[in-house]
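Summary of structural features
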Amino acid sequence: MASLSSLFDPELLQRYDVPGPRYTSYPTAPQFTPGFGEADLRAVAAASNGDPIPRPISLYLHVPFCTSPCFYCGCNRIITRDKSRGAAYLTRLYREIGMASELFDRDRDVEQVHFGGGTPNFLDPQQIAEVMDVLRRHFHFASGERMDCSIELDPRFITPAEVGELAAAGFNRASLGVQDFDPVVQQAVNRVQGVEQTLGIIDACRAHGFRSVNVDLIYGLPKQTLEGFERTLDITLQARPDRLAIYGYAHLPNLFRPQQRIHAADLPSPEQKLDLLRLAIEKLGQAGYEYIGMDHFALPTDELARAQREGGLHRNFMGYTTHAESDLVGLGVSAISHVGASFSQNPRDIGGWEQAIDEGRLPVWRGMRMDEDDVIRADVIQQLMCHGRLDYDALGRRHVIDFRRYFADALARLEPLQADGLVELGEAGLQATSRGRLLLRIIAMCFDRYLQPANDSAAPRYSRTV
């Protein structure tokens, strides 16, 4: 594997820093329509039960509440300090769990559960344990090493003892939001978080047997400097998390109201932002981390790194995962499901979600059935985003197509990227170069039939690729 430092080419990164999808799905969410409803979800779920070997199930639960706004955030969340709202939310969530579980045969194992948000630990550990008990009553959980239970944690609102309660409830993976330890940056984004407080939660996760701990950092935040971000990286790397996500801040104040509290003048320049990314890549490389894809890095011993080496890595709405062949069932406000060749999403507004649950309906707001072309392109983009390469003949056999003829237009669009050294195009396949691996989104975009010109006023708004 190439060194992490070889990933970095500032001139290319700056030239290709354009808006583009993150490809947690293909087709991406802007293609979902209200024409896909509850009856469609029931039909695709029934069809998935009838597969010769039904896929296992992954469950995603969205907890939308946060006690205070982080100004950089673009997630679907509700700001409140009223803890009773969590209890009311769970009452309806349990009804949704019951309705969703009836769609799937009981002998289909759940191999992955993930709590996201918002702030999942807005709920107390007893409430979270109760959710797990309800899930176990309605679904059949896999046993032993096959079972992954992960949760996103805000270290400001959990104690080491409560981490032990989560472990007792079955959690074995955690992802901690840090973003930056620099107090000046923390004040600018309204997220003041102590170093000892955060490291104590990482230690607690390890003490209670969590298999993996991830830490999220963000580069490009207001008031961020090389010196301050280097301290953040040094502190984080001393804790040796199994995985790191280094996200680029996407400033879209017209889409995300909290970002209007961030002054554009306080943001690093494009050149400074690239310097922050370079610093992170150099530090992680020196510390022995491997680049997984997009913003993700992992120690060589971590399951994500092993899955990538063995060809079993997958990407979905939960990010990178080792559970490639599973149906994803999203529960809670805004959650997205991927069952068979379909996507469906719950209402993004809590009122719409609550109304559907109160009326005894599966809360399907929008979605889509994938056609044959969608399935083929989804496979191609999945291979690129996870492994950075394509085997034309293998894909052709899998989908009964002549790959080179089917994707003649896409291969032509890749030629300028080859000229720029981002990709190598051979007779047998395609391989992203070390310089192209930070720009996998750009390579994947060549295969996306839904992309509209960036100057089209109707085109979806995407974050930038760097």
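In this report, the structure presented in the accompanying data block is examined. Here, residues in each chain are numbered from 1, in the same order as that chain's written sequence. Predicted model: local features are reported for residues with pLDDT of at least 70 only, side-chain atom pairs are reported and counted for 80 or more only, and whole-chain, interface and lining totals are derived from all residues. Values reported for side chains reflect all heavy atoms of the structure, with hydrogen atoms and water molecules removed beforehand.

This part takes up the side chain of S337. Turning to its location among the elements, S337 is positioned in strand β15 (residues 336-337). We classify S337 as buried; its relative accessible area is 7%. Here G330 takes part through its backbone nitrogen, which lies 2.8 Å from a polar atom of the side chain of S337. Each residue touching S337, except ones within four places of it in the same chain, is listed here: L328, V329, G330, S342, F343 and S344. Only DSSP runs of H or I covering at least 4 residues are called helices, and only runs of E covering at least 2 are called strands; the numbering of each starts at the N terminus. Burial status follows relative accessibility: with a 1.4 Å probe on protein chains alone, a residue under 20% of its type maximum counts as buried, one over 50% as exposed, and anything between as partly exposed. N or O atoms within 3.5 Å of each other form a polar contact, as long as, within protein, one can give a hydrogen and the other can take it, and as long as residues adjacent in sequence are counted only when both atoms are side-chain atoms. We call two residues in contact whenever any of their non-hydrogen atoms come within 4.5 Å of each other.

Moving on: the pattern of salt bridges. For side chains of opposite charge, pairing can occur when their charged atoms come near one another. Salt bridge, as used here, is a side-chain nitrogen of Lys or Arg placed within 4 Å of a carboxyl oxygen of Asp or Glu. All chains considered together, the criterion is met by 34 salt bridges. Close ionic contact of R309 with E290 constitutes a salt bridge, the shortest N to O distance being 3.3 Å. Taken as a pair, R309 in helix α10 (residues 303-310) and E290 in strand β10 (residues 290-293) lie far apart in primary sequence, 19 residues in all. Look at R309 and you get partly exposed, because its relative accessible area is 47%. Linking R377 and D373 is a salt bridge whose minimum nitrogen-to-oxygen distance equals 2.8 Å.

Let us now look at the nonpolar core. Counting residues in hydrophobic clusters, the biggest one holds 134 residues, and the most contacted among them are L59, L61, V113, F115, L135, F171 and F447. Sequence-distant contacts of L135, that is, excluding residues within four places in its chain, are made with L59, L61, I97, V113, F141 and L331. Throughout, nonpolar core names a set of buried Ala, Val, Leu, Ile, Met, Phe, Trp, Tyr and Cys residues whose side chains join them through atoms within 4.5 Å. Grouped together as the second largest cluster of nonpolar side chains are 11 residues, F71, C73, V185 and L267 included.

What follows is about the sheet that holds strand β16 (residues 342-345). Read across the sheet, 3 strands follow the order β15-β16-β17 without closing on themselves; strand pairing throughout is antiparallel. Taken across any chain shown, the strands that pair with only one partner, and hence form the sheet edges, are β15 and β17 (366-369). At least two bridges found by DSSP between two strands is the condition for calling them paired. As paired elements, β16 and β17 share 4 bridges and run antiparallel to each other. Across the sheet, residue S342 finds its bridge partner in β17, namely R369.

For each structure, a 1 Å grid was placed over the protein atoms alone; sets of points admitting a 1.4 Å probe that cannot get out are labelled cavities, open sets with protein on both sides within 12 Å along at least five of seven lines are labelled pockets, and lining residues have an atom within 4 Å of a point. Grid points are joined across faces, edges and corners, and a volume is the space filled by probe spheres set on the points. With the rule as written, the count across this model stands at 2 cavities of 30 Å³ or more. For the largest cavity, the calculated volume is near 120 Å³. In terms of lining residues, the largest cavity is bounded by 16 residues, among which L41, V329, G330, S337 and L362 are the most central. Secondary structure elements with two or more residues in the lining of the largest cavity: α3 (84-101), β14 (327-331) and β16. It is β14 that contributes the most residues to the lining of the largest cavity, 3 residues altogether. Three categories are distinguished: nonpolar for Ala, Val, Leu, Ile, Met, Phe, Trp, Tyr, Cys and Pro, charged for Asp, Glu, Lys and Arg, and polar for the others, with Gly belonging to the last. Broken down by class, the residue content of the lining of the largest cavity amounts to 10 nonpolar, 5 polar and 1 charged. Roughly 30 Å³ of volume is contained in the second largest cavity.

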